[in-house]
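# What the coordinates show
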Amino acid sequence: MACSIRQNDKIQGIQIKNEEVKLSLFADDMTCFLRNKSSYQHLSSSLECFSKFSGLKLNEEKTEFFRLGVHNLGEWFPHEFKLSIQILGVHFDYDELSRKKANFEAILKSIKRILSMWKWRGLTLIGKIQIVKSFAIPKFMSKASLIHVSNDLIQEANKEFFNFIWKGKDKIKRCALINDIEYGGLKMMDLESMIRAQRIICLKKYIEDYTSPWKVFLSDYLEKVGGKFILQCNFDCRNLPISMPGFYKDCLDAWSSLTRKEVYSYEDIMNQFVWNNKYILSEGKSLYHAFLHNTCGISKVGDLVSKDNIFLGSEKVLNAKLTPSQYFLLMGVVSAIPNEWRSTIKGKSVHVDLHPFIEDSFQVPIRGEMFDLSSFSSKTLYREFRSLQRNSSNRSS
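Just so you know, these numbers come straight off a predicted model, no measurement behind them. (Residues numbered from 1 in each chain as written. Predicted model: local features only at pLDDT ≥ 70, side-chain atom pairs only at ≥ 80, totals over all residues. Heavy atoms only, no water.)

### Points about the pattern of salt bridges
Going through the model one piece at a time under the given rule, you end up with 11 salt bridges. With a closest N to O distance of 3.5 Å, glutamate 20 and arginine 35 form a salt bridge. Here arginine 35 lies in the loop between β4 (29-32) and α2 (37-54) and glutamate 20 lies in strand β2 (residues 19-21), a separation of 15 residues in the sequence. The partly exposed category is assigned to glutamate 20, whose relative accessible area is 34%. Judged by relative accessible area, which is 38%, arginine 35 ranks as partly exposed. (Salt bridge = Lys/Arg side-chain N within 4 Å of Asp/Glu carboxyl O. Helix = DSSP H or I, 4+ residues; strand = E, 2+ residues; numbered from the N terminus. Buried < 20%, exposed > 50% of the residue type's maximum accessible area, 1.4 Å probe, protein only.)

### Notes on helix α9 (residues 246-258)
Since the α-helix advances by 3.6 residues per turn, residues separated by three or four positions end up pointing in the same direction. Taking 1.5 Å per residue as the helical rise, α9 with its 13 residues ought to reach 18 Å, and the 18 Å between its terminal C-alpha atoms agrees with that figure. Burial analysis of α9 places 10 of its 13 residues in the buried class, which makes it a mostly covered element. What α9 keeps buried is the set Phe247, Tyr248, Asp250, Cys251, Leu252, Ala254, Trp255, Ser256, Ser257 and Leu258. (Expected span 1.5 Å × (residues − 1).)

### As for the state of the cysteines
Scanning all chains against the criterion turns up zero disulfides. With no disulfide of its own, cysteine 296 lies 17 Å from the sulfur of cysteine 233, the closest cysteine sulfur. (Disulfide = S-S within 2.5 Å.)

### Some remarks on the nonpolar core
Formed by 93 residues in total, the largest nonpolar core has its most connected members in Phe140, Phe161, Met188 and Leu304. A total of 10 residues in this core trace back to one element, the largest contributor, which is helix α7 (residues 191-207). Look past the residues within four positions of methionine 188 in its chain and what remains in contact with it is Ile129, Val132, Ile137, Phe161, Phe162, Ile165, Leu177, Ile178 and Tyr382. With six residues, the next largest nonpolar core counts Ile11, Leu23, Leu43 and Leu47 among its residues. (Core = buried A, V, L, I, M, F, W, Y, C linked by side-chain atoms within 4.5 Å. Contact = heavy atoms within 4.5 Å.)

### A closer look at the confidence of the model for the chain
Should pLDDT be low for a region, the predicted coordinates there are not to be read in detail. Counting all residues, the mean pLDDT for the chain is 90, and 97% of those residues have values of 70 or more. When mean pLDDT is compared element by element in the chain, strand β10 (residues 285-286) scores highest at 97, while helix α15 (residues 378-396) scores lowest at 81. (pLDDT = per-residue confidence, 0-100.)

### Concerning the packing of aromatic side chains
Tallying each qualifying case throughout the model produces 14 aromatic pairs. Pairing tryptophan 275 with tyrosine 288 gives two aromatic rings, centres 6.1 Å apart and planes at 80°, and the pair type is edge-to-face. One end of the pair, tryptophan 275, is in the loop between α10 (266-270) and β9 (281-282); the other, tyrosine 288, is in the loop between β10 and α11 (290-295), and 13 residues separate them in sequence. Aromatic rings pair up to connect Phe229, Phe273, Trp275, Tyr288 and Phe357 into one cluster. (Phe/Tyr/Trp six-rings, centres within 6.5 Å; stacked < 30°, edge-to-face > 60°.)

### Looking at the pairing of strand β3 (residues 23-26)
Bridge count for β3 against β4 is four bridges, and the pairing is antiparallel. Each bridged residue has a counterpart across the sheet, and for phenylalanine 26 the counterpart in β4 is aspartate 29. Where β3 hands over to β4, the hairpin turn is made up of two residues, of which alanine 27 adopts a positive phi near 55°. (Pairing = 2+ DSSP bridges.)

Below you can see the structure in the form of C-alpha cells.
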C-alpha cells in the first residue's frame, strides 16, 4: 500500500526542492502529507482499493486531520480538522503553550504520583536515586528525546527528582550528587546532559547514509549554511542567518558546545573555517557563500592568504577567476575577520600548512583527542557532557 501511494503521481505530498514527502510509517501507524483536495480523493480511492482486496480497514475513530499552513478547502471536506494532533504519542499544535502542556503535563503528574508512592519507604539515598533512574527519568526522556524541551521544564523535572531524594531542599550541590562514586558522588543522572546526548545522536543519524523524511526537512533548513558542512564549522546558533524549529536548534546547540574550538595561535587562526564561524561576522551574522566554498574551494582562513601572508593573494583566490562582484563579496569576508586575527597573520614571516579538509568527516574532541562521530554511543556522549558540566561548575565556584 505504501509503495502504491508513493508511486501514485496523482497523490501529491509536501515538495521540498527535488524531494517529495507523502507519508511516514511506524508499525501499523501511517501519517500522510497531502498537498491538495485532489490528493485526498485519490488517497481515499487507494485505501478503499487496498481494503477491498486485503480485508483490512482504516480505523475511522483513530484517524485525525490537521491543517498545515493556510488552506481554503471550502465546505466540501468530509472531516473535521483538529486544532492539535497526536502522532506516535507526541502532540502537535500551533500554540506553543498548549503543545507543551499536552506533551509534558501528564508526564510530570505521572512522575509525581510514582515518586509519592516510594516517598515513605525508608529508602537510602542510593535507593532513591535508583528509583528516579528507573521509573521517573525514562518517562521524561520518552518525550524529551523527540521534541524541544524548554529550560523551565527541565528545572521543574529536576525539582521533582531532587525533592524526592532529599525530602525537601537540597542538602549538597547537585553536581556533587551527579558525580561518579570515585569522585565522591552517587551517580545521579544529569537530565540536561542526557538530553544533549540524545540531540547529538539525532545528528549522528542525520549524517548516516540512509534516507528519511525528517532528513529532508532538516537539510532544507540547513541549505543556506552548507547542509551537513555546518557540523565542521566553529559556529554559534545565535549568529547563523537562518531560522529553524526549536528541536533542530537544540541539536546544533549541543553539537556547538561539544565541539567548541578556541583560537589561541597563528596555526589555529589559519585552520579556522571561514564559513559559519562565530568569530567572523557581518552585521552580527556569520557568513556562508556556497559558490566560494563549493566551486572555488575556499573553506579556511588560510585559503585566503598567500605564502607571504597576504590576504586575497592565495592560489585558490587567484585561480578562481572571480567576477568583480564575487571578488567584492570575498573582500567583505576578509573585512569580517577579526582585526586581531588579521594582525597576527600579517605579522608572521612564515606560512603554515593547513590541515587537510575532509568532506563528510565529523570529528568530536574527547579529552584532547579527535574521534569520529559515527563511533559514539549515547552513553559516551552523556559522560562527556557531564564532564563539561562538572568543569563549568568548578570554574564558576
